[in-house]
Amino acid sequence: GVYIIPYSRILPLLRSSIYDYILASTLGPSAMRIRRCICENSLVSEKVINSTALMKEKDIRSTIASLIKYNVLEIQEVPRTVDRAASRAVFLFRSNEKHAYNFMVQNLAWNIADLHYKKEKLKEEKSTLLIKANRDDVRGRETELLLPTELNQLKNVNERELNILVRVSRLISLWEVYKLF
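Residues numbered from 1 in each chain as written. Predicted model: local features only at pLDDT ≥ 70, side-chain atom pairs only at ≥ 80, totals over all residues. Heavy atoms only, no water.

(A) Looking closely at the overall build of the protein. Scanning the protein for helices and strands turns up eight helices and three strands. Here the C-alpha atoms of the protein give a radius of gyration of 25 Å, more than 25% beyond the 16 Å that 2.2 N^0.38 yields for 181 residues. Each principal axis of the C-alpha distribution contributes one length, and for the protein these read about 80 × 55 × 25 Å. For the protein, buried positions account for 31% of its 181 residues. Here the contacts in the protein between residues at least 6 apart in sequence split such that 57% fall between residues at least 24 apart. Within the structure as shown, the protein displays about 12600 Å² of accessible surface, and the carbon and sulfur contribution to it stands at 55%. (Helix = DSSP H or I, 4+ residues; strand = E, 2+ residues; numbered from the N terminus. Rg over C-alpha atoms; globule rule 2.2 N^0.38 Å. Buried < 20%, exposed > 50% of the residue type's maximum accessible area, 1.4 Å probe, protein only. Contact = heavy atoms within 4.5 Å. Areas by Shrake-Rupley, 256 points an atom, 1.4 Å probe, with all protein chains shown as cover.)

Structure, rendered in structure tokens:
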């Protein structure tokens, strides 16, 4: 049998689900719920969000404010009267996925660069210890030749560096979904 995988249909779903996962992990599940509500209805007012998201109005407003701050949503002011009084305006919300994904890619790239900077700064701060531990006469015999405090510091440096590398690889895998495919 021959199997066909429709990548052109799968990739938008993959991007959307990963974006929802990132959104839910950073801003909470209420942000993901509001984003999905707005994506389904394209251009909506706050009343529509109140009725479809089934959340408190206060929670919706604070969540929408954070979604706008992170470029997940766009806001549009529509005046009700000809005189365009600000008190009588209605605000509509919509989601521009391409803009939101580009902002996410920039954010992920910045976080990757920041982690690399932190790793280099850590190596710079502990350079004397690392030089001492990487000498040919010390390598392999660290427990004999290094002080207990130096061993503890070396262990902490290695754990922090490993932690940074794991975080960078996770961020790169998220970045690849938006940039390479």
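There's plenty left to go through after this.
(B) Region of interest: the sheet that holds strand 2 (residues 74–79). The sheet built from three strands is open, its strands ordered 1-3-2 with antiparallel pairing. In the strand order of this sheet, the two ends are held by strand 1 (44–45) and strand 2, each with one partner. Pairing between strand 2 and strand 3 (residues 89–94): six bridges, direction antiparallel. Across the sheet, the residue bridging to Val78 is Val90, located in strand 3. (Pairing = 2+ DSSP bridges.)

(C) Fine view of the packing of aromatic side chains. Across all of its chains, the model carries two aromatic pairs by this definition. Here Tyr19 and Tyr101 contribute two aromatic rings whose centre-to-centre distance is 5.2 Å and whose plane-to-plane angle is 65°, an arrangement assigned as edge-to-face. Pair noted here: Tyr19 is in helix 1 (residues 7–27) and Tyr101 is in helix 5 (residues 97–125), with a separation of 82 residues, a long-range link. Ring plane angle 50° and centroid distance 5.1 Å describe the contact between Tyr101 and Tyr178, whose orientation is recorded as tilted. Pair noted here: Tyr101 is in helix 5 and Tyr178 is in helix 8 (residues 148–179), with a separation of 77 residues, a long-range link. Residue Tyr101 shares its accessibility class with Tyr178, and that shared class is buried. These aromatic residues form a ring-pair network of at least three members: Tyr19, Tyr101 and Tyr178. (Phe/Tyr/Trp six-rings, centres within 6.5 Å; stacked < 30°, edge-to-face > 60°.)

(D) Geometry of the packing of helix 5 against helix 8. Where helix 5 contacts helix 8, the axes come no closer than 9 Å and their chain directions differ by 160°. It follows from the interaxial angle that helix 5 and helix 8 lie roughly antiparallel. Crossing angle aside, the handedness with which helix 5 passes helix 8 is left-handed. Partitioning the contact of helix 5 with helix 8 into residue classes produces 17 nonpolar, two polar and seven charged. (Axes fitted to C-alpha atoms, helices over the stretch in contact; angles between N-to-C directions. Parallel < 35°, antiparallel > 145°, perpendicular 65-115°, else oblique. Left-handed = near helix turned anticlockwise from the far one by under 90°. Nonpolar A, V, L, I, M, F, W, Y, C, P; charged D, E, K, R; others polar.)

(E) Up close: helix 2 (residues 29–41). Compared with an ideal rise of 1.5 Å per residue, which puts 13 residues at 18 Å, helix 2 spans 19 Å between its outermost C-alpha atoms and is within 8% of the ideal. When helix 2 is considered as a whole, its buried residues turn out to be Ala31, Met32, Ile34, Arg35, Cys37 and Ile38. In this structure, the buried residues of helix 2 make contact with helix 1, strand 1, helix 3 (46–53), helix 4 (57–69), strand 3 and helix 5. Remark: Ser42 follows helix 2 within two positions and exhibits a positive phi of approximately 60°. (Expected span 1.5 Å × (residues − 1).)

(F) Focus on a nonpolar patch on the surface. A cluster of nonpolar side chains, Ile5, Tyr7, Ile10 and Leu14, forms an exposed patch at the surface whose accessible area comes to about 370 Å². Here Tyr7 is to be found in helix 1. Taking the relative accessible area as the measure of exposure, Tyr7 reaches 53% and is therefore exposed. (Patch = residues over 30% accessible without salt bridge, like charges linked within 9 Å, V, L, I, M, F, W, Y side chains within 5 Å. Salt bridge = Lys/Arg side-chain N within 4 Å of Asp/Glu carboxyl O.)

(G) Broad picture of unusual backbone geometry. Positioned with a positive phi, Leu54 is a non-glycine residue whose angle comes to about 55°. When you line up the elements, Leu54 lands in the loop between helix 3 and helix 4. Among the residues examined, Leu54 registers a relative accessible area of 70% and is labelled exposed. A positive phi angle, close to 60°, is found at Asn71, a residue other than glycine. Overall, Asn71 belongs to the partly exposed group, its relative accessible area being 23%.

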